[in-house]
Each structure stands twice: as structure tokens, then as C-alpha cells.
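Chain by chain, the residues run as shown.
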There are 2 protein chains.
Amino acid sequence: MGTSYNKNVERWDVFEVSCEGRKDGNPFTDHDITGNFKGQNENVTVDGFYDGDGVYKVRFMPSFEGEYEFTISGSFKQDQGEEVSGRFTVTPASEDNHGPVRVANTYHFAYEDGTPYYSVGTTCYVWDLQSDERIDQTLESLTEAGFNKIRFCVFPKHYDYNLGEPRSYPYEGTPMDSSVLTKDNFLQYTGAASGNDWDFTRFNTEHFRHIEKCILALRDRGIEADLIVMHPYDRWGFSCMTEKQDDLYWKYVLARFSAYRNIWWSLANEYDLFLHKTIKDWERYASIICEKDAYSHLRSIHNCRPFYDHTRPWITHCSIQRQDLYKSAELVNEWRQRYKKPVVLDEIAYEGNIQHGWGNISPEEMVRRFWEAVCRGGYPGHGETYMSGDDVLWWSHGGRLKGESWKRFKFLHKIMCETPGIGLAPYEKCGWDEVCAVPEETAQMTPVRDYYLFYYSFMRPSFREFYFDDNTEVDVEVIDTWNMTIEDRGTHKGRFKIELPGREYMAVRIRKHR
Amino acid sequence: MGTSYNKNVERWDVFEVSCEGRKDGNPFTDHDITGNFKGQNENVTVDGFYDGDGVYKVRFMPSFEGEYEFTISGSFKQDQGEEVSGRFTVTPASEDNHGPVRVANTYHFAYEDGTPYYSVGTTCYVWDLQSDERIDQTLESLTEAGFNKIRFCVFPKHYDYNLGEPRSYPYEGTPMDSSVLTKDNFLQYTGAASGNDWDFTRFNTEHFRHIEKCILALRDRGIEADLIVMHPYDRWGFSCMTEKQDDLYWKYVLARFSAYRNIWWSLANEYDLFLHKTIKDWERYASIICEKDAYSHLRSIHNCRPFYDHTRPWITHCSIQRQDLYKSAELVNEWRQRYKKPVVLDEIAYEGNIQHGWGNISPEEMVRRFWEAVCRGGYPGHGETYMSGDDVLWWSHGGRLKGESWKRFKFLHKIMCETPGIGLAPYEKCGWDEVCAVPEETAQMTPVRDYYLFYYSFMRPSFREFYFDDNTEVDVEVIDTWNMTIEDRGTHKGRFKIELPGREYMAVRIRKHR
């Protein structure tokens, strides 16, 4: 019988068992496959999935090192009876493998091995459904910019600036004729437009295999895959399937992708724009995830206008699109207080120059929002919507970054990584005209002294005065967040004054002298 | 007996009767003088005041043309008995005299002759108490910038960057020794610091005569004098006088200044920073104004943090210091709805580079706040706090303007003046990502068509699409609010697209084709 698997796999990598099985009927719905994986510290049962051509697969992400045994069962087998089973060894994680990202310290994230994870994300909705060449470009761009999270979709996207056909579709069948679409009429073709002909019970396995390739390519670059499982920008009907079709889809997605350590579940982009879904639907999808994802990957749901109720226990972190035209990252303090969860600004507006207000802020404003978010204990996300001759907009297609803000995030990330402990918190006892970040652990102390990061945003002070106490010696650095310079300004104590250049976007980092 | 007055005065000018009178006792408190002024359309009785050296004066601002008669009475006369009386003629107002400014169209202002008044103000707290040379500089600067309102104080100001002595004091007596003051200790000397020796019952008439000179100089330049009668930045005790002393002061101020047509009463700057005043006090001052100002000049009261209750009937317009670091002019819509009065942003932050967040915004941000305010149907106010070698900061001293924003307000004012009707209103039916002003009279109509002013603030659209109806022809202009250009973009109807440069601070004006 055709069964294959590796004898060794590293911790938090994917252990996959591939089995030949029945092709009769509709294997996606008529047959099932399940795996049980048992080591000294865990005993996990997960669903597998049909991958086409008579091949069924079960994937498992081991969370511990050591010897494991597994048993595969289910109705997929051609000859009833004997079980498929075996053994494998989980070796230590390699250097860049820190495990899946978890919530840590209430408002923050860390990899499962304890390494803090400071999220600096971007959004390219369907970079994964572009040509191989553009996909490679996107991966290079992500690495160059230092992004460590990207939001993207399983389903293709139908929206302004992105009316073409994707490289593949998630189901067997044929799409509507897209030659009827123009920039002016595309909104007439949303949801279940006529002319589509899909079999929602038969997945196009090639589509899913390709997405897995993208998830792995991200993983190998240390980038989290914040997978948008559902979205409303649709002309094919994927956003308005039946309850049964949705559930089949969710289970298939969970069976295929859960074992990738860098997966985050974004239930929806702009959940409130779905015309045919109710809160009950979203809660049902959430239950399916909680039941079927054996690894408890991060879970969130993203809004257009009203927030989803981020207090729901299955939501691990707030995935926020700003609701106000003027205030975005400035509200992170409030959201932290309200939800007591990490706040990820998964749409803080896009740097660019398209006609829409959400897609035309300046690079300076984008970088300002990033710093505001970080200094308030939140995690900002980037995006780019520059009009260009090639009609390739990062926000939708990926490709090459054309803006200016992305060049400044590695610098910010380095400063985030230099936080003592896990994560920054807004210091409420600071002046009204500054933003001040301190380590989460010390946010309730007065004074903090060990570490302060003051940010002056759009203000342009020529100097600032500081006083913590009479005796503690502190080291002072002046940071130009736009020009990415850090100037040492020596050791001070008592009351002292720091000269600043009277420009926007300056910060001052003050740390206890060692 | 020494009485003098003019036989002719123009409408809304000051008719003054000057009488010699008793010098015994304390003329400021022991004697009184009152005038009755009667024309065909009005019969007005007002208090006069003692102006030193045995001279008493009564001032009257006639609101109508024609023949008037007057009678002066009171205990000021050396020989009891015969009344001082006379006649005068009120001639038509000269070309640039439009009368006092009144509230018009609920949210706006107009001069009494009906000419709309579009306020574009600035603040120089004690420009009036500087040297003659600097006062002249300030007046020139005001004219060059085109400001038509200025906020300033009667009392001298004690605050950072302004610790020197004023040119004169409002009372007879001697101030504390200011040589003890430094930039670091000045806050220890606030309110009734020891070392001051004032007779709060004897005004220094020279101080008040000088302020009158300043009010007149402003009037002659078409600038409204938004007089801050009380303020808390004080080392002399003027902010913590007794109830009786306060009332004497208010009555003196009202008797002296009410007849100037360009006077506005600002009861306080940052009323909530007074340590010794209660709401009862502010309401008492308001009653005195309402009783003693025969001309009902505009009345407001300015906050630091909490607003005064601007619904109080004596308050003619909201004098607002922004309460939020990030949102200022953006809240004008809300304030208009809440108070149903004109909204004047009398502190929108200062362009500059001092250490404080209220005094270091960029010129671009200042101009942006101006346009936001105007397009939301409010009236913005400017200020400047640039550090400089001469320690002359416009905000406090006046002098020469050093910034960049002031150069852009004449241009804005011209556009305000081109509004049909009286005043702009925010159009609530516009897109979420634009600010749109329409004439107040049409703000509830759909569509408006006659006039729209769209403002894109910090956003950078490369184009915008418009549609009002199928048939109305409209003229379109693209306005660069920073570079002060207006480009004609032709006549359009139906659905049309306007190309924009993808830069910040752009506006589009659309008017019905004529």
C-alpha cells in the first residue's frame, strides 16, 4: 500500500503522512482520514485531507522533541482493516525555528520557545495568486523590508485595481467571463454573479498546494502567514456559499494548513462587509477552528467599520482597521484597556496616491503611525497603494515596494527588539504632549527609570527637559525615526535638558546607565 | 466748566464727552459719571470713567445716523446742580467702517451693516505692552498677514519666555522685584506673590489710555480686538483680587472700552487655570458685561482643559482651545452641533519649535488645521512660538512673524469671502474620506450643486470622481492650499473625474456654471 513519511522531523516542523486511498465517489466529502500522533508529552488527533489523484494526507506539527508514534485511520482506505502506523523522531528545532507565535505578557507575542516576537506586518491580499516571477519579487521585497508578518487571502480578490483572473481557483469549475468587467462597472459583479459554475464540494488541490508553497516560503524567511480565510471582494460566489459549503471549506483549510507553524487565522478581512454572513456564522467558523486546529494558532477577525467583539474568548488578539480618518494608532491605549489583548493594526491606511482616503497617506504619516502604535504598546501594519503604469499595487499584488515608509521599519524593529522583557506599554504618567513607552512589566511603576522611549510624533520641540529622581544615572539617545539615526547624548542624572533639532518624528530613548 | 465733545461723529465711531470734575477722595470709587444718549432710534445710558487729573469721560457708540442729544450726570461735578448736555450729529459710516461684528446665520459672523465677517485671527497676548517700536512692527505684521482678529490682554503676562516687566501696570503701586526670576523658578512666583504693592482701587489711567490706542490702531486696520480681560499667567496678584476689586476692574474696563466697535470680550484665557475663581465669579462678570456694555459686543470664555458651558445664553460664540493632541479643527462639526453657535478656534496650537506640544507644530499642520476648520464651518486662529535669539515670540510679544503658515491666510480668507451667503457649513452627506464645505443655507439640501469646497487634508489622491446629477453644469477649480494656486479645470456635468497631483493639502472648488 502506498504510504510515505519521514523518519525524522524537527520540532515545530510538519510531519506528513501520505497515503494512497479510494478515488470513488467524491473523496472530498465521501471519505475521511484521521491521524493520531503520540509522543511523551502530547497525544494529538487531527483530520487529514484529500489531495487529489487518490492521495490522502495527514499533517502534524510536533511541539516536543523525542520519539513519536502515529496511527492513521479512516474510510479512505481501499481495503478495510489494517491500520497505517509508524514511528518518527522529533529532533531539536534548528536555529531560526522558534515555533509558532503565541500571545505573551497579555498584550504581546512571543514564539513558543520564548523569543519575543515584535510584529511588523504588511498586507498584499493576493500576492500568492500572482505569477511565479511576481511571487519571487514579493518574497525578496518582504525580506528587504524586514516584514515579519503578511496578510493574504486563500480566495482570489475582485476589487478595483485587481479585476484580472487569479493563477488558479479554489474549486473545480469555471469562473464568469471577466471580459465584461471595467473599472466603472465592477461593483455590479460582486458576490454570486451569474456565469460562475463551481463544484463547491470539489477543491482544486493545485490551488491549495500552491498556497502551501507560499506559506512555506514565508516560513523559511521568518515571516508569519496571517491567512485571510474569507473576504468579501468577490465576483465568484466564494463569499456567499451555503453553511455546509463554508464548513467544508473551513475544515479543508484547517486540515491542510494547521500544521504550519507560521500560520495565523484571520477569519475575515472586513467581516462586516459580507452581505450574507451573521455573527452566528463567524462564531461557527471560530468553533470549527478551535476544534480542528490542534495547535491553537492565533485567531483574529478584521473589521471595516464596527469592530467585531474582540472580547470573545476565541479571539487571541485584536486585528484592527482604524475607524477614524484622523486618529489611528493614537487609540491603541484605549483598545488595550478595553480588550486586554494584543492590538495589531492590520489596516492603518496605505501609503500611496490612489483616490481613496484609506490608500493615499504619505510615507511620513505611515512611519508616524508605526511609531505611535509601537510606543503605545501596539503592533502596526503596513500597506502600499501607489498608482503605477504596470497596475501592480503592493496592497493587492505584492511585487516591488515603491514607497518610502518600508525602508524605515527594520530600524524600528531593531529598537523594538531592544526592549527589556516582552513588549512595550504606554506610560500613562508621562506628559500630555509626548508619547512614552516603557517595558510592559514596569508600566505601573513610578518612576520607571530602567527604560523610557519618548516619541514626539508631529511635534517639533527644540529641547525637552527630564527629571526622574536625583540619583539615578541614565544614558540618553536621540533618535531620528525618519532619517534612522541614533545619537548618543551621554549620561545624566537629576534634572536635565536634551537639545532636539526642532523637526518632526524625533524620539528620545533613556536607559538606566550600566 | 471744562467740557468738550465733537459736534459730528460717524456711525459706530466713538462719541466722547470729556468733563473736568472732582479730584477729592478717590475719584475711581467715590464719584460717578453717567451719560444718556438719545437719537431717533435709540436711547442709551452708559457709565463713564475717571481718566486722572480731574478729567472724567463718557463714551458712546451711536448705532444710527442722525441727530442725537446727550446729558451727562453724576456725582463727579464740582458744583452740584446744572447738567452737562449737548447735541451732535451722526454721519454715515465711512467706507471701511462696517460696525461691530455680530453673530449671523447661527454659526457665523457679520458686521452690523450686513457685510459677512470671516474671522482669521491670531494671538499675541501682550503685544500691547511692548515698546512702541515693537507695537508698530506687530501692526505691520498683522496687516501683512491679513489677520482680522487678535487676542490680547489688559493685564501683563507672567510666563515662560515672557518674564520681563510690561511697559506699564494697570494699577498704581509697585510690582515685586523681578530680578529674582529665572526660567527655572518662575512658576514659584505666580498669583499673589509677595513683594507686590498695589492700590487696587486706583487705576493707572496711562495703562488704559495706551490700550485704547492699540484698540484704535487695530480698528483702523480692520482688525477686531478680542480683549482678554482676565488671565492666570500672573505674578502680581491681578488674577486673585477680591470680588469687589474684580467688579471695580470689570466696570472700569467696560466704561472705557465698550464704545469701540471692534471690541470683543474674552472673559478669560484658560478660565480653568484660575485657582481662586469659581463658575459663580465668571457668571457674575458676565452679568456685569451684559448690564454695562450697551452695544452687546461678542462675549466668549476660553478654556485650557474643560470647556466652559458654551450653552450659557450670554456666550455669543465658542472660544475653543483644542482639547486633544491629535484632533483639533476636525471636531468643529461636533461643537457646532452641540452649541449651535459660531465656533472660533482660539488656540489650535502654535506654529513653532518650543519645548511644549502646544507650541511646536509645523506650518503645514497649522495651515491644514485652518482649512479643516473653515471647511467644517468654523473659524481658525493662528499663533507662533519660534525660539529666537531676540527672545521675541509672536505668541507673547508680537513683532515680526517668523513662520510660514501666516503667508497662506490671505489666500484662504479670499476663498472664504467668495462663499455665497454667509458662511460655510460642513456637508454631512459627503464621502468619509473628504471634508466638504457648502454654503450654510444649503447644508441640508441634496444635492447642493451651487457651491462645494472639497478639502483632502493630509490625503494625497491622484484623482477624485464626482457626480451630482446628470444635467447641471459645474465649473471646477483645483486649489493647492499650500502653494496658493487655483487652476481652472473647466466645466463638467454628470459623472466626471478630476486629476489631482497626489500631494497633500489639495482642495477642489465646484460651482454651478454661470
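Starting from 1, residues in each chain are numbered consecutively following that chain's sequence as written. Whichever chain is written first is A, and whichever ligand is written first is 1; the rest continue in order. In keeping with the predicted nature of the model, local features appear solely for residues at pLDDT of at least 70, side-chain atom pairs appear and are counted solely at 80 or more, and the whole-chain, interface and lining totals rest on all residues. The side-chain values count all of the structure's non-hydrogen atoms but skip hydrogen atoms and water molecules.

Turning our eyes to something else, we now look at the packing of aromatic side chains. The rule is short: rings of Phe, Tyr and Trp, with Trp giving its six-membered ring, pair when the centres are within 6.5 Å, and they are stacked under 30 degrees, edge-to-face over 60, tilted in between. All told, the structure shown has 134 aromatic pairs over all chains when counted by the stated rule. Consider the rings of B:Tyr171 and B:Phe238, whose centres lie 5.7 Å apart with planes at 40 degrees: the pair is tilted. Placement of B:Tyr171 in strand β14 (residues 171-174) and of B:Phe238 in the loop between β16 (224-230) and α4 (243-257) is noted, with a sequence separation of 67 residues between them. Each of the two residues, B:Tyr171 as well as B:Phe238, counts as buried. Any Lys NZ or Arg CZ found within 6 Å of a ring centre and within 35 degrees of that ring's normal is scored as a charge over the ring. Here the basic side chain of A:Arg336 rests over the ring of A:Tyr107, its NZ or CZ set 3.8 Å away from the ring centre. Directly above the ring of B:Tyr233 sits B:Lys157, whose terminal nitrogen or CZ lies 6.0 Å from the centroid. A helix here means a DSSP run of H or I that spans at least four residues, while a strand means a run of E at least two residues long, and both kinds are numbered starting from the N terminus. Exposure categories follow from relative accessible area, calculated using a 1.4 Å probe and restricted to protein chains: below 20% of the type maximum is buried, above 50% is exposed, and the middle band is partly exposed.

A word on the UniProt feature "domain: DUF5605" (unreviewed entry) in chain A. UniProt positions are given in the numbering used here, feature names are shortened, and annotations may be inferred rather than shown by experiment. The positions that UniProt labels "domain: DUF5605" (unreviewed entry) are, in the present scheme, residues 432-511 of chain A. Helix makes up 0% of residues 432-511 of chain A and strand makes up 51%, while its end C-alpha atoms are separated by 21 Å.

Turning our eyes to something else, we now look at the environment of B:Lys327. As for its placement among the helices and strands, B:Lys327 is situated in the loop between β19 (318-321) and α6 (332-339). Exposure remark for B:Lys327: the relative accessible area of 15% places this residue in the buried category. Along the chain, B:Lys327 and B:Arg369 lie 42 residues apart, while their C-alpha atoms are 9.2 Å from each other. Throughout, a contact is declared for two residues whenever any of their heavy atoms are within 4.5 Å. Setting aside residues no more than four positions away along its own chain, B:Lys327 makes contact with A:Asp324, A:Tyr326, A:Lys327 and B:Arg322. Within the local environment of B:Lys327, its side chain forms a polar contact with the side chain of A:Asp324, the two groups lying 2.5 Å apart. Polar contacts here mean pairs of N or O atoms no more than 3.5 Å apart (in protein, one a potential hydrogen donor and the other a potential acceptor; neighbouring residues in sequence count only if both atoms are side-chain atoms).

Glancing now at the UniProt feature "domain: Apiosidase-like catalytic" (unreviewed entry) in chain A. The positions that UniProt labels "domain: Apiosidase-like catalytic" (unreviewed entry) are, in the present scheme, residues 105-400 of chain A. Helix makes up 28% of residues 105-400 of chain A and strand 19%, and the two end C-alpha atoms of the span are 35 Å apart.

Here the focus is the sheet that holds strand β5 (residues 43-47) of chain B. Residue and element names in this part refer to chain B. Taking strand neighbours across the sheet as the criterion, the 5 strands line up as β2-β9-β8-β4-β5 in an open arrangement whose pairing is mixed. One side of each edge strand has no neighbouring strand; the edge strands of this open sheet are β2 (8-10) and β5. Across the sheet, the mean angle from the axis of one strand to that of its neighbour is 30 degrees, orientation sign disregarded. Strands are treated as partners if at least two bridges between them are detected by DSSP. With 5 bridges joining them, strand β4 (residues 34-38) and β5 adopt antiparallel strand pairing. By the bridge assignment for β5, Asn36 is matched with Thr45. Axes, fitted as lines to C-alpha atoms, cover a helix only where it is in contact. Angles between the N-to-C directions of the axes lie from 0 to 180 degrees.

With that settled, the discussion passes to the pairing of strand β17 (residues 263-268) of chain B. Residues and elements named next belong to chain B. Across the 6 residues that make up β17, a large majority, 6, are buried. The handedness of a crossover follows from its direction of travel: if, with the strands pointing away from the viewer, the path from the first strand over the helix to the second runs clockwise, the crossover is right-handed. Following the chain from β16 across α4 to the adjacent parallel β17, one finds a crossover that is right-handed. In this sheet, strand β18 (residues 299-300) lies alongside β17 in parallel orientation, the contact comprising 2 bridges. Its bridge partner being in β18, Ser266 is matched across the sheet by Ser300.

What follows covers the sheet that holds β19(B). All names here are of chain B. What the 8 strands build is an open sheet, ordered β18-β17-β16-β13-β12-β22-β20-β19; its pairing is parallel. Only two strands of the sheet have a single partner each, and these edge strands are β18 and β19. Where β19 meets strand β20 (residues 343-347), 3 bridges bridge the pair, whose relative direction is parallel. Looking across to β20, one finds that Ser319 is bridged to Val344. Here helix α3 (residues 205-220) sits on the sheet in contact with β13 (149-153), β16 and β17, set at roughly 175 degrees to β13. Where α6 meets the sheet, its contacts fall on β19 and β20, and the angle it forms with β20 comes to roughly 125 degrees.

Moving on: the environment of B:Tyr252. Residues and elements named next belong to chain B. Looking at the secondary structure, you find Tyr252 in helix α4. Once the C-alpha coordinates of Tyr252 and Thr138 are considered, the two residues, 114 residues apart in sequence, prove to be 27 Å apart. Setting aside its immediate chain neighbours within four residues, Tyr252 contacts Phe28, Phe49, Tyr50, Asp51, Phe203, Thr205 and Phe208. Among the polar contacts listed, one links the side chain of Tyr252 to the backbone oxygen of Tyr50, at a separation of 2.6 Å.

Moving on, we get to the confidence of the model for chain A. Reading fine detail from the predicted coordinates is not recommended where pLDDT is low. Looking at chain A as a whole, its pLDDT mean stands at 96, while 99% of the residues score no less than 70. Overall fold confidence (pTM) sits at 0.96, and the ipTM for the predicted complex is 0.94. Along the chain, pLDDT gives the predictor's confidence residue by residue, from 0 to 100.

Between chain A and chain B, the contact holds 40 residues from the first and 40 residues from the second. Looking at the side of chain A facing chain B, the largest losses of area belong to A:Tyr326, A:Phe458 and A:Arg460, adding up to 25% of the total buried there. When a carboxyl oxygen of Asp or Glu lies within 4 Å of a side-chain nitrogen of Lys or Arg, that pair is called a salt bridge. Linking chain A with chain B are 2 salt bridges, by the criterion used here. A salt bridge links A:Lys327 to B:Asp324, with the nearest nitrogen and oxygen atoms 2.5 Å apart. Counting across the chain A and chain B interface gives 20 residue pairs in polar contact (both at pLDDT 80 or more). Residue assignment for the side of chain A that touches chain B shows that the elements contributing at least two residues are β21 (351-352), α7 (363-375) and β27 (463-467) of chain A. Top contributing element to the side of chain A that touches chain B by residue count: α7(A), with 4 residues. Summed over both partners, buried area is the accessible surface (1.4 Å probe) that two parts give up on being assembled.

What follows concerns the nonpolar core. The nonpolar side chains of a soluble globular protein tend to be buried, and buried together. What makes a nonpolar core is a set of buried Ala, Val, Leu, Ile, Met, Phe, Trp, Tyr and Cys residues whose side-chain atoms join them at distances within 4.5 Å. Of all hydrophobic cores here, the largest spans 262 residues; its most connected members are A:Tyr249, A:Phe257, A:Trp371, B:Tyr249, B:Phe257 and B:Trp371. With residues up to four places along the chain from it excluded, the contact list for A:Tyr249 reads A:Val154, A:Phe155, A:Tyr171, A:Phe203, A:Phe208, A:Val229, A:Met230 and A:Met241. By size, the runner-up hydrophobic cluster in this structure holds 21 residues, among which are A:Cys430, A:Ala443, A:Val448 and A:Val476.

Residues and elements named next belong to chain A. Of all 5 residues in strand β25 (residues 435-439), 5 are buried; the element is thus mostly enclosed. Pairing of strand β24 (residues 424-426) with β25 involves 3 bridges; the strand directions are antiparallel. When the sheet's bridge partners are listed, Ala425 is paired in β25 with Val438. Here β25 runs beside strand β26 (residues 451-455); their pairing, made up of 3 bridges, is antiparallel. Bridging across to β26, Val435 finds its partner in Tyr455.

We now examine the pattern of salt bridges. Enumeration according to the criterion identifies 94 salt bridges over all chains in this entry. Here B:Asp24 and B:Arg22 are joined by a salt bridge, their closest N and O atoms 2.8 Å apart. A residue is classified by how much of its surface remains accessible, and B:Asp24, at 38% relative accessible area, is partly exposed. By relative accessible area, which is 22% here, B:Arg22 ends up partly exposed. Through salt bridges with shared partners, one network takes in A:Glu16, A:Asp51, A:Lys57, A:Arg59, A:Arg209, A:Glu212 and A:Arg256.

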